Amino acid sequence: MSAYVVFIKDRVRDAEEFATYGKKAGASMAGHTVKPLSVYGKCETLEGPPIEGSVIVEFPSIEAAKAWYNSPAYTDARKHRFLGADYRVFITEGL
């Protein structure tokens, strides 16, 4: 069953670290079956606090999503996201 990783960017704190994250995050997807569905497109907050952006990526399963998220390449990228911005991230199973 498909799974979706949803990234909600609340705010950027360090643009340089965030730029490093962006480069490494994209490269970390090599070798994984992943389909970007939405990457920082126009968004409008309908409920809750405003967000700066969002990303939605599709994986074949929750296990595949976790394998990418916990991979050495994304673990390396993720540390730059932690330093550069405030995010909420979750995995949800599709229909």
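From a predicted model like this one, the values you see are computed outputs, not experimental measurements.

Basis of the calculations
- Residues numbered from 1 in each chain as written.
- Predicted model: local features only at pLDDT ≥ 70, side-chain atom pairs only at ≥ 80, totals over all residues.
- Heavy atoms only, no water.
- Helix = DSSP H or I, 4+ residues; strand = E, 2+ residues; numbered from the N terminus.
- Rg over C-alpha atoms; globule rule 2.2 N^0.38 Å.
- Buried < 20%, exposed > 50% of the residue type's maximum accessible area, 1.4 Å probe, protein only.
- Areas by Shrake-Rupley, 256 points an atom, 1.4 Å probe, with all protein chains shown as cover.
- Lys, Arg positive; Asp, Glu negative; His and termini not counted.
- Charge placed at Lys NZ, Arg CZ, Asp CG, Glu CD.
- Core = buried A, V, L, I, M, F, W, Y, C linked by side-chain atoms within 4.5 Å.
- Contact = heavy atoms within 4.5 Å.
- 1 Å grid on protein atoms, 1.4 Å probe; cavity = no way out; pocket = protein on both sides within 12 Å on 5 of 7 lines; lining within 4 Å.
- Points joined across faces, edges and corners; volume = space filled by probe spheres on them.

Asker: Kindly report on the overall build of the protein, identifying the contributing residues and their values.
Answerer: When its secondary structure is counted, the protein shows three helices and four strands. Taken from the N to the C terminus, the helices and strands of the protein come in the order β-α-β-β-α-α-β. The C-alpha atoms of the protein give a radius of gyration of 13 Å, which matches the 12 Å a tight globule of 95 residues would have. Considering only C-alpha atoms, the protein reaches an extent of 30 × 30 × 15 Å along its principal axes. Residues counted as buried form 31% of the 95 residues belonging to the protein. Accessible surface, the protein as shown: approximately 5,900 Å² in total, 57% of it carbon and sulfur. In the protein, the 12 positive side-chain charges and the 12 negative ones have mean positions that sit 4 Å from each other.

Asker: Describe the nonpolar core, listing the residues and the values that go with them.
Answerer: Counting residues in hydrophobic clusters, the biggest one holds 14 residues, and the most contacted among them are Val5, Phe7, Tyr21, Val57, Phe59, Trp68 and Tyr74. Among the secondary structure elements, those contributing two or more residues to this core are strand E1 (3-12), helix H1 (15-27), strand E3 (53-59), helix H2 (62-69), helix H3 (72-84) and strand E4 (85-93). Look past the residues within four positions of valine 57 in its chain and what remains in contact with it is Ala3, Tyr4, Val5, Phe7, Met29, Val34, Lys35, Pro36 and Leu37.

Asker: Explain unusual backbone geometry to me, and be specific about the residues and the numbers.
Answerer: Phi at tyrosine 40 is positive, roughly 50°, even though this residue is not glycine. With respect to the secondary-structure elements, tyrosine 40 resides in the loop between strand E2 (35-39) and E3. On the basis of relative accessibility, which here comes to 34%, the residue tyrosine 40 falls in the partly exposed class.

Asker: Summarise the layout of surface pockets; cite the residues concerned and give the values.
Answerer: Taking a probe equal in size to a water molecule and rolling it over the atoms shows the remaining empty space. Taken as a whole, the largest pocket holds about 230 Å³ of empty space. Forming the walls of the largest pocket are 15 residues, and the residues nearest its centre are Tyr21, Ala25, Val39, Tyr40 and Val55. Among the elements of the structure, H1, E2 and E3 are those that each provide at least two residues to the lining of the largest pocket. Counting residues per element, the lining of the largest pocket draws most heavily on H1, which supplies five residues.

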